[in-house]
Amino acid sequence: MNRTTLSLIACTVALAAVTGFAAFDPPAAPGTSPAGGATERPVERTGLLCPAPSFSDIADTAYTSFTPVTQGADSGGKAALEAAAEQSADGKGGKGGGKKDQAVLTPKPPGTPALGDTSGSDTPALIGTADGKYAPGWTVQETTRIAAGTGRGLQGVTCTPADTDFWFPGASTAKGRTDYVHLTNPDDGAAVVDIKLYGKSGAVKTTVTDGITVPPHSSEPVLLSTLTDDAQTDLTVHVGVRSGRVGATVQAQDDAGGGDWLPAAADPAGSLVLPGIPKDATDVRLVAFTPGDDDADLKVRLASPNGSITPAGNETVHVKAGMTSAVDLGPVTRGEPGSLILTPTDKAVPVVAALRVVRGKGSSQETAYIPATAPVGRRATAADNSAKGTTLSLTAPTADATVKVTASAGSDGGSPATKTYTIKSGTSRDVSAPTGGKGTYALTVEPVSGGPVYAARTLTGSSDGVPGFTIQTLPSDRGLVAVPRAEQDLSVLQR
């Protein structure tokens, strides 16, 4: 092994070590040393994947692209969203193509939102790349309105980077549910993906044993009910990539209760935070799964504006190893916004979890999902906000925190505006976004001091009396990366 190879390995190990803890450290400006003598620098290239929005002919989808202004970023660069080759809804190929060569939108320079829209069922999945000044924190939001039918209401998802491992607690193959796993491959080689399902009694037998091949630069929706004859109300879906990498997101749709996107939950952990439960939630269902060999016992707390409380009758939840557990929490927020905090009662056992949240009742109900999420870290970004339809939720589960929230200039002009908020330990708070722009704007959330902060953004938009809403959690926007200093070159290990 030569000196160059050793240097690269050392750099990679240092990067993994530093960035693994960066989200929990106090914020630092670009160019400073956040941990271990490393220097934070803006990322130089970013990739995002947006799933095909809907199979409904009456769907209208809006896209919003935004890159926050980042100190130290390159002055040049570009960003683009291109259509992926679409497979059919049954996985046999052939869907799409009608809008394949039509750009949905053209991203604008940092600080300014860019808007685009499409309609109908032939809108393909999108593969996005950005470099230079467009890359740090690049965020694309996909928001779809469906007037009627399965999944009707408001569906929203933040486009995500490719990865190799995803957990989706909260999916279903029950009667009345139509849940798809959307797989998008951004690379030049084919990806091979395994989908495993876990129900209340453990692993569910599926019809696919050799993996699913996703061709290069293509997207494939997989209907969960075609993978098994076992109708399960609560499922945990595990997507693992044998070769290559993909973007993966679950579209969960209900005949009676509307639907939304179920993004991947945060990696399995002993303690979890699920932020942003609306104050008028009429029903909240917790779905949890532990992938290891040990059962998990979790303490359940609701972080409200006035402190943490224990939901009556649901003080703890027991999650059996390898089995999906579900708990009905009912209207747990009772008129006040809140966030769910799960902690081990004794021994910490890694768990994944998500919430199914319902607003409204009967034929006027709508559904959204909140997966457990990572903390904001240095900065989080949410695109596609409006003056009347946006709610930002902030949670500080372990210590007081001070947070800076900035609203960008709007799509129709105006100036950025900033407010600073203090979140007390163990509380969750809905804050009003600062306003200075006109039209659609983006929000950035930056912790200033104190403990870790978790955030979520809710979009609302009623149609014909149905309270449409969608919730996106706000982990780090991946705008900064920790780079070891040159003097940390460990190639001397060759000696």
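Not measured: the values here are computed from a predicted model.

## Some points on the state of the cysteines
- Scanning the entire structure with this criterion turns up one disulfide.
- Between the sulfur of Cys-50 and that of Cys-159 lies a disulfide, 2.0 Å long from S to S. Disulfide Cys-50 to Cys-159: torsion about the S-S bond roughly 110 degrees, handedness right-handed. Placement of Cys-50 in strand S2 (residues 45-50) and of Cys-159 in the loop between strand S9 (153-158) and strand S10 (165-171) is noted, with a sequence separation of 109 residues between them.
- Judged by relative accessible area, which is 0%, Cys-50 ranks as buried.

## Thoughts on the sheet that holds strand S32 (residues 427-431)
- Spatially, four strands are ordered S32-S29-S34-S35 in an open sheet, and the strand pairing comes out antiparallel. The strands lining the two open edges of the sheet, one partner per strand, are S32 and strand S35 (469-473). If you compare each strand with its neighbour and ignore which way they point, the axes differ by 20 degrees on average.
- Sheet topology note: the strand S29 (residues 390-396)/S32 ladder contains five bridges and is antiparallel. By the bridge assignment for S32, Leu-392 is matched with Val-431.

## Some details on the sheet that holds strand S4 (residues 79-83)
- With antiparallel pairing, three strands are arranged side by side in an open sheet as S2-S7-S4. Sheet topology places S2 and S4 at the edges, where each strand pairs with a single neighbour. Taken pair by pair, the neighbouring strands of this sheet meet at an average axis angle of 15 degrees, ignoring direction.
- Relative to strand S7 (residues 126-131), S2 is paired through six bridges, and the arrangement is antiparallel. Directly across from Arg-45, in S7, lies its bridge partner Asp-131.

## Focus on the nonpolar core
- Counting residues in each nonpolar core, the largest one holds 29 residues, and the members touching the most others are Leu-274, Ile-277, Leu-286, Leu-340, Leu-342 and Leu-355.
- What Leu-340 contacts, discounting residues up to four positions off in sequence, is Leu-272, Val-273, Leu-274, Ile-277, Leu-286, Val-300, Arg-301, Leu-302, Leu-329 and Leu-355.
- Listed in part, the 26 residues of the second largest apolar core include Phe-166, Ala-191, Leu-197 and Val-250.

## What to know about the pairing of strand S17 (residues 247-254)
- Summarising burial for S17: eight of the eight residues are buried, a large majority.
- Side chains Gly-247, Thr-249, Gln-251 and Gln-253 of S17 all project onto a buried face; the interleaved residues Ala-248, Val-250, Ala-252 and Asp-254 project onto the opposite face, where all are buried too.
- Here strand S11 (residues 177-185) pairs with S17 via eight bridges, running antiparallel. Bridge pairing links Thr-178 to Gln-253 in S17.
- In sequence, S17 turns back onto strand S18 (residues 258-262) through a hairpin of three residues.

## Some remarks on unusual backbone geometry
- Even without a glycine there, the phi angle at Arg-334 is positive, about 50 degrees.
- In the Ramachandran plot, Asp-384 falls in the positive-phi region, its phi being about 65 degrees despite a non-glycine side chain.
- With respect to the helices and strands, the residue Asp-384 is situated in strand S28 (residues 380-385).
- For Asp-384, a relative accessible area of 15% corresponds to the buried category.

Conventions adopted
- Residues numbered from 1 in each chain as written.
- Predicted model: local features only at pLDDT ≥ 70, side-chain atom pairs only at ≥ 80, totals over all residues.
- Heavy atoms only, no water.
- Disulfide = S-S within 2.5 Å.
- Helix = DSSP H or I, 4+ residues; strand = E, 2+ residues; numbered from the N terminus.
- Buried < 20%, exposed > 50% of the residue type's maximum accessible area, 1.4 Å probe, protein only.
- Pairing = 2+ DSSP bridges.
- Axes fitted to C-alpha atoms, helices over the stretch in contact; angles between N-to-C directions.
- Core = buried A, V, L, I, M, F, W, Y, C linked by side-chain atoms within 4.5 Å.
- Contact = heavy atoms within 4.5 Å.

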